[in-house]
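Read off the chains here:
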Amino acid sequence: VTITTRMLVSHLSGIRHYEKDITKVKEEKEKVNRALKLTKSHQDKEQKEKEGKGIEKTDCVKQKKEHDSETKSRNSKPGRNDKEFEQEEYYLKEKFESVIESLKIFKNDPLFFKPGSQFLYSTYGFTLLSAVVERASGQKFTDYMLKMFRDLDMLSTVLDDNEAMIYNRARCYIYNKKGRLVNAPYVDNSYKWAGGGFLSSVGDLLKFGNALLYSYQAGQFKNRNGKLLPGYLKPGTVAMMWTPVPKTEVSWDRDGKYAMAWAVVEKNQQYGCCRQQRHYASHTGGAVGASSVLLILPEELDPEALGPWPGAPPRGVIVTIICNMQSVSLNSTALKIAREFDKEKQAQ
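Read on for an overview of the structure. Computed from a predicted model, the values in this text were never measured in an experiment.

**Considering the overall build of the protein chain**
Okay, step 1: Looking only at helices and strands, one finds 10 helices and 9 strands in the protein chain.
Okay, step 2: The buried share of the protein chain, taken over its 348 residues, is 36%.
Okay, step 3: Pairs at least 24 apart in sequence give 66% of the contacts found in the protein chain among residues at least 6 apart.
Okay, step 4: Surface exposure of the protein chain reaches about 21,300 Å², of which carbon and sulfur atoms provide 52%.

Given below as structure tokens:
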């Protein structure tokens, strides 16, 4: 078979994730699909009730549902029922000297499907991608990335190296089987630098988000007297990265599709004065003892109305959250925050 870098970056390669048993992966996917169908069926039922009996009853049902959900959230402990972190390979302690060496973990395992035919999120797909970057650049992958972080002024973003003295490194926590808060176990992430091996800060992730948003929008602004510097990437490159790829899916937002290393929700509105989807890109992160999200909500720019110099990019809202707690779902929270700031900007 042929596996391309585009397949790797969109998780279409067929390379396994942490679960080695394809039967268990299929079963888990079927459970998720059934849950989504039930959710959609419930939403359709509520919509029919709204059309047939007016808004008042539906609003009451909605308020009760939100109240029940909030109560359930308050009474539950994050990270207690997450089967993802039951996989043994999350807790590897072996130190790998290179990304090529770390390929031995999965290189002889069978593919789960024909490359390009299905979507399966794979951290190891990104390990292979890092090996491609290493060979193409002629540099050690970690050196290449650290130079890139320096170009982006992300000086607090470093390798999650256990031996190094890292200023302000946070301690990570998990809930044990008894529901008690304990220190996260020792792990060595050198086997997956590309898929979860860097430490960063909220400030650095905001710089990263702004650099991408600037690059995305730079081509839409008229460059007066050459004062507008080019973006770190070409506008077309970011647009390509944020274009949904067929056959993909996103576990943390059912409105989204996977693109190139980003989850993307496209602009969509089916009915007037009803639910409106805004275009945004995001990605969550989950590690042993930590959770994160970076969400970029670009401002909707009208090239005709921009004028000669309406300010400068980046224009939009960027939200990032990092917490030293395992299995915390953060994308919906980040989206709510972004929408509130967006409303405030539009009101001004």
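**Considerations on the sheet that holds strand 6 (residues 263–265)**
Okay, step 1: Pairing in this open sheet of 5 strands is antiparallel, and the strands run 5-6-7-8-9 from one edge to the other. The open sheet has two edge strands, strand 5 (257–258) and strand 9 (316–323), and neither has a second partner.
Okay, step 2: Alignment of strand 5 against strand 6, held across 2 bridges, turns out to be antiparallel. Directly across from Y258, in strand 6, lies its bridge partner A263.
Okay, step 3: Against the sheet, helix 8 (residues 202–217) makes contact with strand 8 (290–298) and strand 9, and its axis sits at roughly 150 degrees relative to strand 9, the strand it touches most.
Okay, step 4: Each of strand 7 (280–287), strand 8 and strand 9 touches helix 10 (residues 331–347); the most contacted strand, strand 9, lies at about 150 degrees to it.

**Points about a negative patch on the surface**
Okay, step 1: Among the surface-exposed residues, D21, E27, E28 and E30 lie close enough to one another that they form a single negatively charged patch.
Okay, step 2: By the secondary structure assignment, D21 is in the loop between helix 1 (5–9) and helix 2 (22–53).
Okay, step 3: Residue D21 is classed as partly exposed on the basis of its relative accessible area, which comes to 31%.

**Overview of helix 5 (residues 123–137)**
Okay, step 1: With 15 residues, helix 5 should reach 21 Å at 1.5 Å per residue; the first-to-last C-alpha distance of 21 Å fits that figure.
Okay, step 2: Inspection of helix 5 places T123, Y124, G125, F126, T127, L129, S130, A131 and E134 among the buried residues, and these make up the whole buried set.
Okay, step 3: For helix 5, the secondary structure elements touched by its buried residues are helix 1, helix 4 (99–102), helix 6 (141–151) and helix 7 (193–196).
Okay, step 4: The distance from a side-chain oxygen at the start of helix 5 to the backbone nitrogen of Y124 is 3.4 Å, and the residue carrying that oxygen is S122.
Okay, step 5: At the C-terminal side of helix 5, G138 shows a positive phi close to 75 degrees.

**Observations regarding the nonpolar core**
Okay, step 1: Counting residues in each nonpolar core, the largest one holds 43 residues, and the members touching the most others are Y124, L212, W242, W262 and I296.
Okay, step 2: Within the residue set of this core, elements represented by two or more residues are helix 1, helix 5, helix 6, helix 8, helix 9 (235–241) and strand 8.
Okay, step 3: Among the elements that make up this core, the one with the highest residue count is helix 8 (5 residues).
Okay, step 4: No fewer than three residues from each of domain 1 (1–37 + 80–169 + 187–199) and domain 2 (202–347) sit in this core.
Okay, step 5: Leave out the neighbours within four places in its chain, and Y124 touches I15, R16, H17, Y18, E89, I105, F106 and Y191.
Okay, step 6: Grouped together as the second largest cluster of nonpolar side chains are 15 residues, V265, L295, I321 and L335 included.

Calculation rules
Residues numbered from 1 in each chain as written. Predicted model: local features only at pLDDT ≥ 70, side-chain atom pairs only at ≥ 80, totals over all residues. Heavy atoms only, no water. Helix = DSSP H or I, 4+ residues; strand = E, 2+ residues; numbered from the N terminus. Buried < 20%, exposed > 50% of the residue type's maximum accessible area, 1.4 Å probe, protein only. Contact = heavy atoms within 4.5 Å. Areas by Shrake-Rupley, 256 points an atom, 1.4 Å probe, with all protein chains shown as cover. Pairing = 2+ DSSP bridges. Axes fitted to C-alpha atoms, helices over the stretch in contact; angles between N-to-C directions. Patch = residues over 30% accessible without salt bridge, like charges linked within 9 Å, V, L, I, M, F, W, Y side chains within 5 Å. Salt bridge = Lys/Arg side-chain N within 4 Å of Asp/Glu carboxyl O. Lys, Arg positive; Asp, Glu negative; His and termini not counted. Charge placed at Lys NZ, Arg CZ, Asp CG, Glu CD. Expected span 1.5 Å × (residues − 1). Polar contact = N/O pair within 3.5 Å; in protein donor to acceptor, adjacent residues only side chain to side chain. Core = buried A, V, L, I, M, F, W, Y, C linked by side-chain atoms within 4.5 Å. Domains from an automatic or database assignment.

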